[in-house]
Amino acid sequence: MSHPPKRRIPWFTLHRWLAVPVWLLLTLICVTGTVLTIAFEIQGLWDPAVLATAPQAIAGPAAEQSLNAVLAAAAAATPDGIVTALGRRDLHLAYEATLALPDAPQARAFINPFTAAVQGITLGPGFTGTLLALHGWLLFPGDYTTLGWYGVTALAVPMLGATVTGLFVYRRFWTALVRPRIRLTAGARVFWGDLHRVGGVWGLWFALLMAITGLWFLTAAVLAGNGVRIFPPPKPVATRDAPETLPDVDAALAAVQAVAPGFRLHYLTLPTQPGQALVLFGDRGTALTGKYGHRFYLHPQTLDITAAITPQEMTALQTTARAMGSLHFGNFGGPLTKTIWTLGGVMLSTCLIGGGIVWLHRTAKTTKPGKTTKPGKTTKPGSGKTAFRRRLPGFLPLAVLAVPLLTIGSYASGRADAVPHGRPLPAQPLGPHSATLWLEEEPDGTTGAVVILSPEAARTARRVTVQRDGGKAVPLRGTPYRLRGEMRPAAGSGAVTVTLETRDGSRFSTIWAAE
């Protein structure tokens, strides 16, 4: 009795179908992620302002300036700048202060930790911020909840599938670990094919890790889109006004280290509105939860710890979130893990580039020289509709890449966010101050309102609300100069009222009539 032949799974076809349509996007994401791992070190090659260079006369941790001195230098860096955050990514890098400005969404000041001197100011996100946006959401408008973010994280699905099917296509793949072979003189297709296989095997662990963490980021985005907050904010602190002066950050750090010995500060955010706390982010040597696994909320005046999130008290979801972030970026172990993650990214990028070039060689030979397709006609390699149709899926992502190609210049310089999205309304007086209003109609029927305050109004503001005629007053949140809120549809005339309450209790209102 004869048995029907056993059907074999077409692993190569599956591998090609999963990889070819997204290989351009995956290559871009992988290359930018690899560079992003050591972005500040690369930027330091042409911009020494990001590096922590100690004067020859002094050196060592004891010679570093206090945090209060660094913050004071950041606050004095620009005439109307308001410091909103301060961080330091590694000991060989300078402090990076985030500043709110009246004529730009933000600026970054780099302060030398040894002299507290401002070494440089960058408007907009700069090199590293632009690279992060390109890697994370392809510079699509918005950030972590945009179509670009969902699209990039969804690439983890074909990436995981192509990685698994590649193991079945490349029989005895483990031999490339002990005897990697790259033939330099056997032709371009053979060379890139060898590079594709060797890079894939040596970068196998990294490809699986990036695919798994990418799936987590997709899951986190879906949760955030449905109103699930992995790290819900604590209750507001009892402050009627934001501090008029910078809080004593050195004393705050000492208070945290008293209850959490060994705490190392990496980042902090300053309160700019009533009810906001001084927040310190850091670690105590716990690698799994990364550099920001510990966060402490302090009252900005009394420096009492009002809330804390530590690895010991995290939920399973919070621990997963912190661990996935650390494993994706590889910044939890200092220069060692950054080097390992960079090498893993190089291997994976080599695999993707090599695979794409091999595919181009394959599709260039869809017909043979001299083969007759119609009476009296012959074809050339790569000519005709067959070659075009086979190459078309691999170049479809070019349409998606049009967005970053058209916007990367304005995004890097900060011009993209210098003007809010939506419809601008003329500037109007707000008591002795002035304000500008921008309105943006959202798909769900709400109206986004962005109020830009003058420097005097921003420094004296206690509370700012926006109200549509017939609706409820909505408190605005954001940076001191740019405040945003969402107004629900109302049955009134459509006129919009902005009310400013200052620290001395005065209230000023102005009305923009409906158009």
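Notes on the structure follow. Small disclaimer: the values here were computed from a predicted structure and weren't measured.

Considering the overall build of the protein chain
Then, number 1: Secondary structure assignment for the protein chain yields 17 helices and 19 strands.
Then, number 2: Per-residue burial over the protein chain gives 45% buried out of 515 residues.
Then, number 3: Taking all contacts inside the protein chain whose residues are at least 6 apart in sequence as the whole, residues at least 24 apart take part in 58%.
Then, number 4: Summed over all atoms, the accessible surface of the protein chain reaches about 26,400 Å², with 63% contributed by carbon and sulfur.

With respect to unusual backbone geometry
Then, number 1: Positive phi outside glycine occurs at alanine 116, with the angle close to 60°.
Then, number 2: On the secondary structure map, alanine 116 appears in the loop between strand E3 (104-111) and strand E4 (118-123).
Then, number 3: Residue class for alanine 116 comes out buried when judged on its relative accessible area of 14%.
Then, number 4: Positive phi, close to 55°, is recorded for leucine 138, a residue that is not glycine.
Then, number 5: With respect to the helices and strands, leucine 138 occurs in the loop between helix H5 (126-137) and helix H6 (147-154).
Then, number 6: Leucine 138 sits in the buried class, given a relative accessible area of 5%.

Comments concerning the sheet that holds E3
Then, number 1: Strand order in the open sheet formed by eight strands is E4-E3-E2-E1-E5-E6-E7-E8, and the pairing between neighbours is antiparallel. Sheet topology places E4 and strand E8 (305-309) at the edges, where each strand pairs with a single neighbour. Each strand axis lies, on average, 25° off the axis of its neighbour in the sheet, ignoring direction.
Then, number 2: Sheet topology note: the strand E7 (residues 294-298)/E8 ladder contains four bridges and is antiparallel. Counterpart to leucine 298 in the pairing with E8 is isoleucine 305.
Then, number 3: The strands touched by helix H4 (residues 67-75) within the sheet are strand E1 (82-87), strand E2 (95-101), E3, E4 and strand E5 (264-269), with E1 carrying the most contacts at an inclination of about 135°.

Description of the environment of leucine 160
Then, number 1: Turning to its location among the elements, leucine 160 is positioned in helix H7 (residues 156-169).
Then, number 2: With near-sequence residues (within four places) excluded, leucine 160 lies in contact with Leu208, Ala211 and Leu215.

Considerations on helix H2 (residues 23-37)
Then, number 1: Here H2 contains 15 residues, and its C-alpha end-to-end distance of 21 Å stays within 8% of the 21 Å for a straight helix at 1.5 Å per residue.
Then, number 2: When we look at burial in H2, the residues that qualify are Trp23, Leu24, Leu25, Leu26, Thr27, Ile29, Cys30, Thr32, Gly33, Thr34, Leu36 and Thr37.

Some points on the nonpolar core
Then, number 1: Grouped together as the largest cluster of nonpolar side chains are 32 residues, with contacts concentrated most on Leu26, Leu138, Leu155, Met159, Met210, Trp216 and Leu348.
Then, number 2: Of all elements in the fold, only H2, H5, H6, helix H10 (204-225), helix H12 (316-329), helix H13 (335-363) and helix H15 (398-413) reach the threshold of two or more residues within this core.
Then, number 3: With nine residues, H10 is the single largest residue contributor to this core.
Then, number 4: With 27 residues, the next largest nonpolar core counts Leu99, Val249, Leu270 and Leu280 among its residues.

Parameters at a glance
Residues numbered from 1 in each chain as written. Predicted model: local features only at pLDDT ≥ 70, side-chain atom pairs only at ≥ 80, totals over all residues. Heavy atoms only, no water. Helix = DSSP H or I, 4+ residues; strand = E, 2+ residues; numbered from the N terminus. Buried < 20%, exposed > 50% of the residue type's maximum accessible area, 1.4 Å probe, protein only. Contact = heavy atoms within 4.5 Å. Areas by Shrake-Rupley, 256 points an atom, 1.4 Å probe, with all protein chains shown as cover. Pairing = 2+ DSSP bridges. Axes fitted to C-alpha atoms, helices over the stretch in contact; angles between N-to-C directions. Expected span 1.5 Å × (residues − 1). Core = buried A, V, L, I, M, F, W, Y, C linked by side-chain atoms within 4.5 Å.

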